[in-house]
Amino acid sequence: AASRARTLRSIVFSAAGGILLVIAVFCFIRRRLGRRLEILASTSDSIVAGDYNARFDISGHDELGHLGSNLAEMLQSLKKLGVAQSVMQGLEIPSAMCDLEGRVNFVNQPLLNLLEEPRSAAELMGTPINELLYGNKGSTESVFGKVIRTDEVCLGCEEHVTSRKGRALRLLFDANPVRDLEG
């Protein structure tokens, strides 16, 4: 009976020791990784909210350190894209860009003013470029369609369009295929 009691006590102490060891390891890992994960989450939340000065202050040579470093590099790339967008918005030359389907994905105010277009740039996103420039919703081949189709630059192009108020316009422009990161 005494031997049985000792065995039972040994089992209980071993189980308790094992449980304490598991809890200690869990607390260590939680403390070591948890704070770093919280930093990654809160920093990415700040960026989503528009704070592009947020920093991924994660150190280490492990996967989390690598992730923090990669996220910091992605943030720098986003900042560069934001600068490019600001530069394009600030152009005084009437400008527009479209995607490979010929839909507007950028138009600035000087072009809207020239065309006497009542819609805002935001309202025109996704509109066919032919509709913006020529007022037609059809698939008439334009210089822009040809540039997209052939992937060739058109320098000194000339098009005749009519403003929204009926004024005849002669446009002289360059059309270049510009690819985004998706090709």
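This write-up is about the structure you can find in this document.

The first and last C-alpha atoms of helix α1 (residues 2-48) sit 66 Å apart over 47 residues, in line with the 69 Å expected at 1.5 Å per residue. At glycine 34, α1 shows its largest bend, some 30°. Within α1 the residues assigned to the buried category are Gly34, Arg36, Ile39, Leu40, Thr43 and Ile47. Just beyond α1, the residue with positive phi is glycine 50, at close to 105°.

Moving on, we come to the packing of aromatic side chains. Per the counting criterion, the structure on display carries 1 aromatic pair. Between phenylalanine 144 and phenylalanine 173 the ring centres are 5.2 Å apart and the planes differ by 10°, which places this aromatic pair in the stacked class. Placement of phenylalanine 144 in helix α6 (residues 143-150) and of phenylalanine 173 in strand β4 (residues 168-175) is noted, with a sequence separation of 29 residues between them. Like phenylalanine 173, phenylalanine 144 is buried.

The next subject is the nonpolar core. Val107, Leu115, Leu132, Leu133 and Phe173 are the most contacted members of the largest nonpolar core, which totals 18 residues. Within the residue set of this core, elements represented by two or more residues are β2 (104-107), α3 (109-114), α5 (129-134), α6, β3 (154-162) and β4. For this core, the element with the most residues is β4, which contributes 4 residues. Ignoring sequence-local partners within four residues, the contact set of leucine 115 consists of Leu132, Leu133, Val161, Ser163, Arg164 and Leu169. Core analysis: the second largest hydrophobic core is formed by 8 residues, Leu40, Ile47, Ala54 and Leu75 among them.

All right, on to α6 then. For an α-helix the count is 3.6 residues per turn, leaving residues at separations of three or four pointing the same way. Burial in α6 covers these residues: Val143, Phe144 and Val147. One side of α6 holds all its buried residues, which, seen down the axis, span an arc of 100°. Each element contacted by the buried residues of α6 is listed here: α5, β3 and β4. The first or second residue beyond α6 is aspartate 151, which carries a positive phi of 60°.

With that settled, consider the pattern of salt bridges. Following the criterion strictly, the structure yields 8 salt bridges and no others. Note that aspartate 57 and arginine 55 form a salt bridge whose closest N and O atoms lie 3.4 Å from each other. Classification of aspartate 57 as partly exposed rests on a relative accessible area of 49%. Residues arginine 119 and glutamate 117 are paired through a salt bridge, measuring 2.8 Å at the closest nitrogen-oxygen approach. In the salt-bridge network here, residues are joined through shared partners; they are Glu117, Arg119, Glu131 and Arg164.

With that settled, the discussion passes to the state of the cysteines. According to the stated counting rule, one finds 1 disulfide in the structure shown. Two residues, cysteine 154 and cysteine 157, share a disulfide whose sulfurs are 1.8 Å apart. Taking relative accessible area as the criterion, cysteine 157 reaches 3% and is therefore assigned buried. In this structure cysteine 98 is a free cysteine whose sulfur lies 13 Å from that of cysteine 157, the closest cysteine sulfur available.

Rules of the game
Along every chain, residues carry numbers that run from 1 in the direction the sequence is written. Reporting in this predicted model follows two pLDDT cut-offs: at least 70 for local features of residues, and 80 or more for side-chain atom pairs to be given and counted; totals over whole chains, interfaces and linings ignore these cut-offs and use all residues. Each side-chain value is worked out from all heavy atoms of the structure, with water and hydrogens disregarded. Starting at the N terminus, helices and strands are each numbered in turn, a helix being any DSSP run of H or I of at least four residues and a strand any DSSP run of E of at least two. Here a helix's expected span is defined as the number of its residues, less one, multiplied by 1.5 Å. What is called the bend at a residue is the angle between a pair of axes, fitted to the seven residues leading up to and ending at it and to the seven starting from it. Only protein chains enter the accessibility calculation, which uses a 1.4 Å probe; a residue is then buried when its area is under 20% of its type maximum, exposed when over 50%, and partly exposed in between. Here is the rule: rings of Phe, Tyr and Trp (six-membered ring for Trp) pair when centre to centre is within 6.5 Å. Planes less than 30 degrees apart are stacked, more than 60 are edge-to-face, and the remainder are tilted. To form a nonpolar core, buried Ala, Val, Leu, Ile, Met, Phe, Trp, Tyr and Cys residues must be joined to one another through side-chain atoms within 4.5 Å. Contacts are residue-level and defined by heavy atoms, with any inter-residue pair within 4.5 Å sufficient. Relevant arc is that of directions from the helix axis to the C-beta atoms, nothing else. Salt-bridge detection follows one rule: a side-chain nitrogen of Lys or Arg within 4 Å of a carboxyl oxygen of Asp or Glu. In what follows, a disulfide is any cysteine sulfur pair within 2.5 Å.

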